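# Chain and residue survey
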Amino acid sequence: MNRKIVKKHNSLTDGYIPDTPRKVLPDRLLNALYYKFEKEGEEFTLSIQELKELLGITSQKDDKRIFEAIQILQSPIVIRNFRYQNKEVEWVRTPFLCRAVKFRSETNEIHFKIEPMVIEAVKQKGGYTPLDLGICNRFRSKYALKLYEMYRRYRSLPHNRSDVANDQIGIIKKSLQELNQMFSTNHTAPSKLFGQNAPNAPINRGLAEIERVTGEKIYCFYDRSSKLFIFSWGRRVEDIYPSPECIIPTSSIEPFVQWYISHFVNKVDNPKSYHQKIFQQIISNDFGNLERYYQLFLLERGKDPKKCFDVQLGKFIF
């Protein structure tokens, strides 16, 4: 099977299409047209059938939706973080398409031209997000596609270290405002975007769809102290934990052991040996009341233990 890989410039990945709640097709169309732009440049012609193939669409009933999506891309979208006229641009509102001309022909051809400001942004040296159109086209919700693009954008990048993460576990933080922009929603409460028992909340629904389509598991919780949504992903489960029995990630064992000793141990004859003994007990899951102590450890760091525990795995994910 011929995979169609888009190297989407991060100025577009970091941006968003406003005023399109629950509409995933405009985002899929942008990716499809960007793929064609990479192959042929800022002007190109596609038949309706060719365009539908790029979008993974087979039904004739979807032609109207495609035309509506084209109109949306002729309205302003938001592009972020690039240079223009030797200045750093935080964001700009500009159409993605400056022209779309549909010809009267048997193949129903449409001639597209990308907006010059978009060309100016994507020609700048910078990172890109690799996306497989075949995978992106399988998403049926805007929430899943935008979260997947975010994941692909940051999955290989380093991040700031924390007490419960290392460079082998990816983490990205987003505010309520940033996610509202990404999803074209207007929620004022974090619980409207994500909840432990809210399968239809945008983030829950999107992450479940990503796992169903790709097999990739992305975790999320809301950190009340920083007022940020924390997304994380890691290697395979067997690589994240030091043993099948261990219930806390390898990266968290050392800071937890230090915390436990400083809080609950007065004096030992051989601190180094005692430290190693606790370490091994945690790995083999023989440490008494480990789950309760670890919950206290998380609480002291401002994290909700329930949201840090994966019930299906029976393990803490942070």
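Relevant structure appears above.
An account of the accompanying structure is given in this report.

Scoring rules and cut-offs
- Residues numbered from 1 in each chain as written.
- Predicted model: local features only at pLDDT ≥ 70, side-chain atom pairs only at ≥ 80, totals over all residues.
- Heavy atoms only, no water.
- 1 Å grid on protein atoms, 1.4 Å probe; cavity = no way out; pocket = protein on both sides within 12 Å on 5 of 7 lines; lining within 4 Å.
- Points joined across faces, edges and corners; volume = space filled by probe spheres on them.
- Helix = DSSP H or I, 4+ residues; strand = E, 2+ residues; numbered from the N terminus.
- Nonpolar A, V, L, I, M, F, W, Y, C, P; charged D, E, K, R; others polar.
- Phe/Tyr/Trp six-rings, centres within 6.5 Å; stacked < 30°, edge-to-face > 60°.
- Buried < 20%, exposed > 50% of the residue type's maximum accessible area, 1.4 Å probe, protein only.
- Lys NZ or Arg CZ within 6 Å of the ring centre and 35° of its normal.

For the rest of this paragraph, the subject is empty space enclosed by the protein. All chains considered together, the criterion is met by 2 cavities of 30 Å³ or more. There is about 50 Å³ of room inside the second largest cavity. Going through the elements one at a time, α2 (25-40) and β3 (76-84) are the ones with two or more residues in the lining of the second largest cavity. For the lining of the second largest cavity, a count of residues per class yields 6 nonpolar, 1 polar and 3 charged.

What follows covers the packing of aromatic side chains. Summed over the entire model, instances satisfying the criterion amount to 23 aromatic pairs. Each ring, one from F44 and one from F112, has its centre 5.7 Å from the other, and the planes form 35°; the classification is tilted. Within this pair, whereas F44 is found in strand β2 (residues 43-47), its partner F112 is found in strand β6 (residues 109-114), the two being separated by 68 residues in sequence. When the ring of W259 is compared with that of F297, the centres are 5.6 Å apart and the planes differ by 70°; the resulting orientation is edge-to-face. On the criterion of sequence distance, the pair formed by W259 in helix α12 (residues 250-264) and F297 in helix α14 (residues 290-300) is long-range, its members being 38 residues apart. Under the relative-accessibility criterion, W259 is labelled buried at 5%. Taking relative accessible area as the criterion, F297 reaches 0% and is therefore assigned buried. The structure contains a cluster of three or more aromatic residues connected by ring pairs, namely F256, W259, Y260, F264, F287, Y293, Y294, F297, F309 and F316. Sitting over the face of the ring of Y154, R153 holds its NZ or CZ atom 4.6 Å from the ring centroid. Its guanidinium or amino end placed over the ring of Y241, K315 lies 4.9 Å from that ring's centre, counting from NZ or CZ.

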